[in-house]
Amino acid sequence: MNNTYPFVLQELPYSYEALSPVLGSETLHFHHDKHMNAYVGNLNQALEPCTDFHGFSLNKILTKLDELPQSAQTAVRNNGGGVYNHQLYFSTLTAPNAGTKPSAALQAAIDRDFGGVEQMIVKLKQAAVGRFGSGWAYVVSDAEGVLSICSTPNQDVPDLTKFAPLMTVDVWEHAYYLDYQNRRPDYFDAFVSIINWDAVSRNYDERSFSF
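Structure report, in brief. Please read all numbers here as calculations on a predicted model, not as lab measurements.

## Topic: the overall build of the protein chain
Alright, step 1. Scanning the protein chain for helices and strands turns up eight helices and three strands.
Alright, step 2. What you see in the protein chain, going N to C, is helices and strands ordered as α-α-α-α-α-β-β-β-α-α-α.
Alright, step 3. Taken against the 2.2 N^0.38 rule, which gives 17 Å for 211 residues, the C-alpha radius of gyration of the protein chain at 17 Å falls within 12% of a compact globule.
Alright, step 4. By principal-axis analysis of the C-alpha atoms, the protein chain measures approximately 45 × 40 × 30 Å.
Alright, step 5. Per-residue burial over the protein chain gives 46% buried out of 211 residues.
Alright, step 6. Relative to all contacts within the protein chain whose residues are 6 or more apart in sequence, the contacts with residues 24 or more apart total 70%.
Alright, step 7. Surface summary for the protein chain: the accessible area is close to 9800 Å², and the carbon and sulfur share equals 48%.
Alright, step 8. Of the side chains in the protein chain, 14 bear a positive and 23 a negative charge, and the two mean positions are spaced by 5 Å.

Next up, the structure:
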């Protein structure tokens, strides 16, 4: 997340067919190539006149929204959040049942803060399925490594000055409608099998609050 303006669409770290049958290639083409790409373009357009922010990482921009010109704040909040959330989402997925698992450090934190992976998944599902309308559910860590679950509407992100998001579930309908129609619980249950625990563990090990 340390790239700066002008932001670019990051390629998927796997093929468009890699997540099938959980998420089909058509879903990934639409979701990544069209939806996420639109957020990148709109973010750059909104930031173009804000030259003081061109050297800032996306994390830093999202923690300093109130310092942007007022005319740009809403567009940067919506589109910057869209880029941030989608980068996190796509980067923590892998082929179904790929055999990844939490690192020892992450597993210890999960056991301490949730009572195990299954209990954490239950809480994450409650946040994802319970989010009214469009939004996201996250597993986040504070600076001390304590884990929690949170949810945001639309393209909002958690408070990045206090929490490092480790993984997220996209519950906008465009993320799953072609494969699951309106069955968000079914999408979540399948989503669990494509979590890339290696990537989530790296996010835990590398969590940082200096932008």
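## A few points about the side chain of T168
Alright, step 1. The residue T168 is located in strand β3 (residues 164-170) in this model.
Alright, step 2. Of the residues examined, T168 reaches a relative accessible area of 0% and is grouped as buried.

## Remarks on the layout of surface pockets
Alright, step 1. As a volume, the second largest pocket reaches approximately 150 Å³.
Alright, step 2. Taken together, the elements giving at least two residues each to the lining of the second largest pocket come down to α2 (58-63) and α3 (70-91).
Alright, step 3. Split into classes, the residues belonging to the lining of the second largest pocket amount to five nonpolar, four polar and three charged.

## Quick notes on the nonpolar core
Alright, step 1. Membership of the largest hydrophobic core comes to 63 residues, with the highest contact counts inside it found for L47, V76, Y89, Y187 and F191.
Alright, step 2. The residues touching Y187, leaving out its near neighbours within four places in the chain, are L23, Y89, V169, D170, A175, Y176 and Y180.

## A few points about the environment of F114
Alright, step 1. Tracing the backbone shows F114 in helix α4 (residues 104-114).
Alright, step 2. Since its relative accessible area comes to 11%, F114 is described here as buried.
Alright, step 3. Taking C-alpha positions, F114 is 9.8 Å from I149, a pair spaced 35 residues apart along the chain.
Alright, step 4. The residues touching F114, leaving out its near neighbours within four places in the chain, are A109, Q119, M120, K123, L147, S148 and I149.

## Concerning the pattern of salt bridges
Pairing is possible between side chains that carry opposite charge, provided their charged atoms lie close to one another.
Alright, step 1. Under the defined criterion, the tally for this structure stands at five salt bridges.
Alright, step 2. Residues D156 and R77 are paired through a salt bridge, measuring 2.8 Å at the closest nitrogen-oxygen approach. Highlighted residues: D156 in the loop between β2 (147-153) and β3 and R77 in helix α3, separated in sequence by 79 residues.

## Quick look at the sheet that holds β3
Strands belonging to one sheet form pairs held by backbone hydrogen bonds; the direction of such a pair is parallel or antiparallel.
Alright, step 1. Spatially, β2-β1-β3 is the arrangement adopted by the three strands of the open sheet, whose pairing is antiparallel. Strands with a single pairing partner mark the edges of an open sheet, and in this sheet they are β2 and β3. Strand-to-strand twist of the sheet, defined as the mean angle between neighbouring strand axes without regard to direction, takes the value 25°.
Alright, step 2. One ladder, built from seven bridges, connects strand β1 (residues 135-141) with β2; its direction is antiparallel. Within β2, the residue paired with W136 across the bridge is T152.
Alright, step 3. Running over the sheet, α4 touches β2 and β3 and is turned about 80° from β2.

Rules used throughout
Residues numbered from 1 in each chain as written. Predicted model: local features only at pLDDT ≥ 70, side-chain atom pairs only at ≥ 80, totals over all residues. Heavy atoms only, no water. Helix = DSSP H or I, 4+ residues; strand = E, 2+ residues; numbered from the N terminus. Rg over C-alpha atoms; globule rule 2.2 N^0.38 Å. Buried < 20%, exposed > 50% of the residue type's maximum accessible area, 1.4 Å probe, protein only. Contact = heavy atoms within 4.5 Å. Areas by Shrake-Rupley, 256 points an atom, 1.4 Å probe, with all protein chains shown as cover. Lys, Arg positive; Asp, Glu negative; His and termini not counted. Charge placed at Lys NZ, Arg CZ, Asp CG, Glu CD. 1 Å grid on protein atoms, 1.4 Å probe; cavity = no way out; pocket = protein on both sides within 12 Å on 5 of 7 lines; lining within 4 Å. Points joined across faces, edges and corners; volume = space filled by probe spheres on them. Nonpolar A, V, L, I, M, F, W, Y, C, P; charged D, E, K, R; others polar. Core = buried A, V, L, I, M, F, W, Y, C linked by side-chain atoms within 4.5 Å. Salt bridge = Lys/Arg side-chain N within 4 Å of Asp/Glu carboxyl O. Pairing = 2+ DSSP bridges. Axes fitted to C-alpha atoms, helices over the stretch in contact; angles between N-to-C directions.

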